[in-house]
Structure formats: C-alpha cells, structure tokens
Amino acid sequence: MTEAKKTAKLTIGENSYDLPIFSPTAGPDVIDIRKLYGEAGVFTYDPGFTSTASCDSTITFIDGGKGELLHRGYPIDQLAGKSHYLEVCYLLLYGELPSAAQLEDFESTITRHTMLHEQMVNFFRGFRRDAHPMAVMVGVVGAMSAFYHDSTDVNDERQREIASHRLIAKMPTIAAWAYKYSVGQPFVYPRNDLDYAANFLHMCFAVPAEEYHVDPILSRAMDRIFILHADHEQNASTSTVRLASSSGANPFACIAAGIACLWGPAHGGANQACLEMLKEIGGVDRIPEYIARAKDKNDPFRLMGFGHRVYKNFDPRATVMKQSADEVLDLLGIENNPLLQVAKELEKIALEDEYFAEKKLFPNVDFYSGIILEAMGFPTSMFTPIFALSRTVGWVSQWKEMIADPQNKIGRPRQLYLGETARDYVDIEKR
Ligand code: SDX
C-alpha cells in the first residue's frame, strides 16, 4: 500500500474529518474512508460502486477516457498482436513476461492438467442434454472442490498454485465437454501435442469417426479471443470472486460464483445476447427501428454489445476483435456474412447518433466476438462459456493477489436502511 501524501477534509455539521488520500501509479487518487464510520458515524453510499475502489491491485489498469487497457503495464493491443494466451496467463499470474524456460515449464504444467477426473464424466451425465452450457460450467467447476481435495486449502501457497493451474488447464475441457454433451456427441479428450487454443477447438469439433485438422488461422483467432477476455480490473464477476474468496471459501467454489455472475446479459452474457439481437434485427433496413427502441426511455431494450461502465470513449478490445472478425470471415469465405453487415452498419449508425455520443455508448468487447464465434461454428449458447474460460486466469490472478494481501479481510458492505423501524408483533386475529 502506498503512503498517503494528501488529505481530504470532510465537514459534517460542526465537525470536520481529515481523510487520507492515496495516489496510484496510474488513474485517479483514492480517498481512504476505512475509519469514516468509526470517527463520524456515517456510511458512504455507492450502489453499483461507480465511485468506489474495492481494493488495490497491480494486475490490470483501465483508462476509460483514453480507451487504454494494460495487463501488468503491457497494452492489450500489443499482447493480442505479439503474445499468446498462455504467455498472458503467466504474465497475469506472476507479474512479468516469462523467459523461454519459464514459459516452456508453465505450458508443460498447464498441458498436463487438462484432463478431468474420470468420475466427473458421470457428473456431466446428470444434466439434461438441453441444459445451458453455463449451468453445466457453474455446476462442474463448483464440483471440482469435491474432486481435487489436495488443492482447496487457500492458506497453503502451493495448493493455491496447483488450484490455479488446474482451473486454467481444465476450463477448456469443461467448456468443450459441455458443448459436446449438448449436441449428443462423445467427449473428446485433450491432446498434449496441441497448443491451448487448438486443443480447445479440437475437443469441440473433432469426432472419433475421423481426423480433425485445426486451421491455424482459426486457432490463432481463438487464442486472440482468449487474450482479449483474460482480465478486466474489478468487473462484476471478478468482484464476485474476490467477495466470495474473502470468506476463505475454496477456489473452485469462488470461481463458480464468478461464472454465475458473468452469465448475466449485462456482463458476459452480452455476447450471446448481442448475436441474438443481430439475428432479430435481421437486415440493415431494420436498424433504425432498434436504434429508436434503444433510445426510448419506456422501452427496456438496450443495444447489446454497446456501452461500458468504465470505457467512455472506445473499448480497445473491440478494435482488435473487429480486425479478427474480418480475418476469420475472409478465411471462411463469408466476408459478406449478413450478421457482420448488420453489425458494421449498426456500429456506424449508432456512432453517428447523438444519443449514443451523449451517453458515450460504442461497441464493447462483446460486440464482435459473437460474430467470430458463430462463424467458427459455435452455437450462441457457447459464447459466454468461452468468455468464462478466457476470464478464469483473470479471476484466479485477482484471487491469488487478494489472498496474499495481509490487509485481506472478509468483505461486508453496509446499507442505507429505508425499512420499518422497530414495531411489536401483531397476533393474527388482530390483523
Ligand atoms: C462486459 O465491467 C467490465 O469490465 C465488464 C466487461 C469485462 O471485460 O469484464 O468489460 C465485459 O460486461 C461488457 C459490457 C457488456 N454488456 C452489454 O453489452 C449490455 C449492454 N450494455 C448496457 O447494459 C450497459 O451499457 C452496461 C451495463 C454495460 C453499463 O451500464 P452502466 O455504466 O451502469 O450505465 P447505465 O446502465 O447507467 O446507462 C447509462 C445510460 C442510461 O441512460 P440514462 O438512464 O442515463 O438516461 O446509458 C443508457 C442507459 O439507458 N445505456 C444504453 C445502453 N447502455 C447504457 N442505452 C441503450 N443501449 C445500451 N447498450
């Protein structure tokens, strides 16, 4: 924690309070209110946490005004262009880019943790075939604490590291098997001769009846999607993982909580909702109707894939994702994909509309990812599981950082109570 160099003065009635101000290496100063309730007997009020820093962290920095996203200081566009997902995982977990030897060791460790305990096959088989893959992922990841007892003690640093590796390694297998189960095909086991992204595509699309060749351009695009979703500061699902972990719950249960939160359409579920919206729009001629609905205060409809709590200029991930969309659709010979045409025209019209300019709404990370994933052959129900797979390293990195923080204590927000004050029970015959 940095030393406070400035103070804020808060005056309430006749009393005034000096609150320390901490300055970050980047971003806004923070006012330390930890002693406010004890000294002044008041709470602060910030539902949705729009002005609240819940922790200090050295992992990811976002500048919403500049559209900047850094992972351990490295800009996302450089990582997406020059790195690969497992190297980014190492960076997020350990704070520095790995040497060649460190990277080889890390990749070998992850590769050898990709298989699931064989008994978990029965767990998958307990679901209905039409279960949403996110329901399967929440259940299976939570159940990992029942299969991997030797990595659930959060106070043991080595067990924390093994749990981190197991989660990063097994999520592609869990996501792929959730997909296979939903389409009634046999599970395809991970292969140690394939890289992380190619292995995932192979587990999703190979069948025992014939060889399946993973196109290197598709696995590169898949790897880039993983990188672009890897971590994103204290977003809703990461904050969920941190809060769940603050009670000392085991890592598998906490990551399952993060998956549950990510599922919502306002968060990671937006990629599925966005593609379903593009399909509903159907053609560029109907875009004005949906733009009007998005602007109508009486209509709960929102343009899925647009807007962001932090980015108020542009989402740097969407810029890279748009390039990937062009490459993948060009490779697949569907550069005239009607959904992509609707998406590009919707983006153009929305960005010219003063409502969206005023509200600072523009495509976010979820806007183009669905188009790529659909072009690759994934059903929309698999979009958010792929987001969850990618974000696991972010959740795990933030969890490790929090657990290792000596200031770590259970999260316990208070409230602005507007309910009834104390009153006596009324017997039923008198009601
Ligand atoms: C992710 O936090 C993260 O970092 C998340 C994420 C990550 O990597 O973890 O980046 C991933 O979740 C990206 C966001 C995906 N969600 C969507 O695409 C769903 C559509 N977007 C909206 O639901 C919304 O923009 C949010 C939830 C993303 C952000 O909402 P905010 O910041 O809480 O803003 P708000 O809901 O208070 O909206 C502000 C105004 C409102 O109008 P007023 O009440 O001020 O008149 O903007 C309007 C909203 O009605 N608005 C939209 C809109 N988003 C906001 N109007 C139309 N369409 C939209 N998409």
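Let me sum up the structure you'll find in this document. Bear in mind that the values here come from a model prediction, so they are computed numbers and not experimental data.

Observations concerning unusual backbone geometry
One non-glycine residue, Arg72, lies in positive phi territory at about 50°. Tracing the backbone shows Arg72 in the loop between β5 (68–71) and β6 (74–75). For Lys360, which is not glycine, the phi torsion reads 55° and is therefore positive. Mapped onto the elements of the fold, Lys360 is located in the loop between α16 (354–358) and α17 (365–376).

Notes on the site of the ligand
Surveying the vicinity of the ligand reveals 25 residues, the closest of which are His232, Arg302, His308, Arg317 and Arg391. In this structure, a nitrogen atom belonging to the ligand sits 2.9 Å away from a main-chain N or O atom of Phe306. In the complex, 78% of the free accessible area of the ligand, which totals 1,000 Å², lies under the protein chains.

Examining the pairing of strand β1 (residues 6–12)
Here 7 bridges tie β1 to strand β2 (residues 15–22), and the two strands are oriented antiparallel to one another. Within β2, the position partnered with Thr11 by the bridge is Ser16. Hairpin connection from β1 to β2: 2 residues lie between these consecutive antiparallel strands, with Gly13 at a positive phi of about 60°.

A word on the nonpolar core
One finds Phe200, Met222, Leu278, Leu303, Leu346 and Phe378 to be the most contacted residues of the largest nonpolar core, which totals 118 residues. Counting residues per element, this core draws most heavily on helix α7 (residues 157–183), which supplies 12 residues. Excluding residues that lie within four positions of it along the chain, Met222 makes contacts with Ala197, Phe200, Leu201, Leu373, Met376, Phe378 and Ile386.

What about a nonpolar patch on the surface?
The grouping of Ile217, Leu331, Leu332 and Ile334 at the surface amounts to a nonpolar patch, some 270 Å² of accessible area in total. Tracing the chain through its elements places Leu331 in helix α14 (residues 316–331). A relative accessible area of 33% places Leu331 in the partly exposed class.

Remarks on the packing of helix α6 (residues 133–143) against helix α18 (residues 383–404)
Look at α6 against α18: their axes get within 8 Å of each other, and the N-to-C directions meet at 35°. Across the interface between the two elements, Pro133, Met134 and Met137 from α6 touch Thr384, Pro385 and Ala388 from α18. Looking at the contact of α6 with α18, its residues break down into 5 nonpolar, 1 polar and no charged.

A look at the packing of aromatic side chains
With the rule as written, the count across this model stands at 23 aromatic pairs. A ring pair is formed by Trp177 and Phe187, whose centres lie 4.4 Å apart and whose planes are at 5°; its orientation type is stacked. You can see Trp177 sitting in helix α7 and its partner Phe187 sitting in the loop between α7 and α8 (196–205), a full 10 residues away along the chain. Residue Phe187 is classed as buried on the basis of its relative accessible area of 14%. A connected cluster of aromatic rings, assembled from ring pairs, spans Tyr85, Tyr179, Tyr196, Phe200, Phe205, Tyr212, Phe226 and Phe378. Here Arg414 stacks its cationic end above the ring of Tyr37, 6.0 Å away from the centre of that ring.

Calculation criteria
- Residues numbered from 1 in each chain as written.
- Predicted model: local features only at pLDDT ≥ 70, side-chain atom pairs only at ≥ 80, totals over all residues.
- Heavy atoms only, no water.
- Helix = DSSP H or I, 4+ residues; strand = E, 2+ residues; numbered from the N terminus.
- Near = heavy atom within 4 Å.
- Polar contact = N/O pair within 3.5 Å; in protein donor to acceptor, adjacent residues only side chain to side chain.
- Areas by Shrake-Rupley, 256 points an atom, 1.4 Å probe, with all protein chains shown as cover.
- Pairing = 2+ DSSP bridges.
- Core = buried A, V, L, I, M, F, W, Y, C linked by side-chain atoms within 4.5 Å.
- Buried < 20%, exposed > 50% of the residue type's maximum accessible area, 1.4 Å probe, protein only.
- Contact = heavy atoms within 4.5 Å.
- Patch = residues over 30% accessible without salt bridge, like charges linked within 9 Å, V, L, I, M, F, W, Y side chains within 5 Å.
- Salt bridge = Lys/Arg side-chain N within 4 Å of Asp/Glu carboxyl O.
- Axes fitted to C-alpha atoms, helices over the stretch in contact; angles between N-to-C directions.
- Nonpolar A, V, L, I, M, F, W, Y, C, P; charged D, E, K, R; others polar.
- Phe/Tyr/Trp six-rings, centres within 6.5 Å; stacked < 30°, edge-to-face > 60°.
- Lys NZ or Arg CZ within 6 Å of the ring centre and 35° of its normal.

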